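The lines below spell out each chain.
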Amino acid sequence: MTWFSFAGRVWDRVEKTCLHLPIVLNTVLVFSITAEVSYLVLVEAPLQPDQKKTQWSTVWKTLHLLVQYFMFGNITWNASLFLKTSTSIQGVFLGSEGMAQGWRYCYTCETHTPPRCSHCYDCKVCVLRRDHHCVFFGQCVGFRNYRYFLSCLLFMWTGLLYAVVMNAEVFIIILKEGVTLHSILLLLMPWIMLVSGQVTARAFAFAFIADTCVLGFLLVAAFLFFHLFLLLRGQTTREWYSIRRPYNLGLLGNLRHALGTRWYICWLCPLIPSPLPGDGIHFQVTESLESDPNRSR
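Residues numbered from 1 in each chain as written. Predicted model: local features only at pLDDT ≥ 70, side-chain atom pairs only at ≥ 80, totals over all residues. Heavy atoms only, no water.

- For the protein, an unreviewed UniProt entry supplies the name Palmitoyltransferase and the organism Oncorhynchus mykiss.
- Quoted verbatim from the Sequence similarities (unreviewed entry) field of UniProt, the annotation for the protein is "Belongs to the DHHC palmitoyltransferase family."
- UniProt, in the comment section headed Subcellular location (unreviewed entry), describes the protein in these words: "Membrane". (UniProt positions renumbered as here; feature names shortened; annotations may be inferred.)

## A look at the packing of aromatic side chains
To describe a pair of aromatic rings, one takes the distance between the centres and the angle between the planes.
Logical step 1: Taken as a whole and assessed by the stated rule, the structure comprises 15 aromatic pairs.
Logical step 2: Plain terms: the ring middles of Phe82 and Phe137 are 5.1 Å apart, the flat faces sit at 55° to each other, and that makes the pair tilted. Taken together, the residues span a long stretch of sequence, with Phe82 in helix α2 (residues 55-84) and Phe137 in the loop between β5 (132-134) and β6 (139-141) at a distance of 55 residues.
Logical step 3: Given a relative accessible area of 1%, Phe82 falls into the buried group.
Logical step 4: With a relative accessible area of 14%, Phe137 lands in the buried category.
Logical step 5: Site record: aromatic cluster; members linked through ring pairs are Phe82, Phe137, Tyr146 and Phe149.
Logical step 6: Cation over ring: Arg116 sits above Tyr247, and NZ or CZ is 4.0 Å from the ring centre. (Phe/Tyr/Trp six-rings, centres within 6.5 Å; stacked < 30°, edge-to-face > 60°. Helix = DSSP H or I, 4+ residues; strand = E, 2+ residues; numbered from the N terminus. Buried < 20%, exposed > 50% of the residue type's maximum accessible area, 1.4 Å probe, protein only. Lys NZ or Arg CZ within 6 Å of the ring centre and 35° of its normal.)

## Describing helix α7 (residues 201-233)
Logical step 1: For α7, with 33 residues, the first-to-last C-alpha span of 47 Å sits near the 48 Å given by 1.5 Å per residue.
Logical step 2: Of the residues one or two after α7, Gly234 is the one with positive phi, at around 70°. (Expected span 1.5 Å × (residues − 1).)

The following block contains the structure:
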């Protein structure tokens, strides 16, 4: 019995560590890319040696660093608020409308839940207006933190696009002698080139981060534009495959209900207040919910 208890505690710790691993990995990647791009701006640019100490060079570098750290600050701040903002039904007064249209009973939480609310088996709780469980953050995207999630995606996409442009010189240097087996392997599999001793650690670091920027840009772009598509349709990820859109309030209505009353400016900075017009429990609908196939879990 003691052995099983010990094994259970070990397994719980391993599970908790694995849940936080994506957050740690994302943090390392964001800081690494920021540091690498800062190095390119401060040391490598401008490309012409005679331009490196001019007044224009100083202004150019200052502007680049301001833009870069503005995006970096927005990414980290939005991510922090996303993780801190609870979207669960814990501590929320749901009222006595358990038999109202669109409400269901959650046997795990042992409570009635409102429309668009569903149970997350990773978070182990029901989430208001649950969109999906984000494995990269280890938390559900729901009613209260959707704004921070979308803003974080927006600035990650913008920042990675900026990083790809700044790393263009890295790709040019790698390919300047032509498309060879060495250059292709360095671009596609830099780890193999490092382990085999074909490149230095410095060349590997630049190639690896440049590759990460391109792959990250494509991945984040797919997520961002998919969620913008859902936002404009008034849907969540769990609802997107349905031809019915009972919560579609039109372009401006969907933006207000997802991002708040200051939807037009709140994405610039997470500190800009943008109160949500709803409470995550009651939703304005444009058609009946009774035949909604997305109510099933």
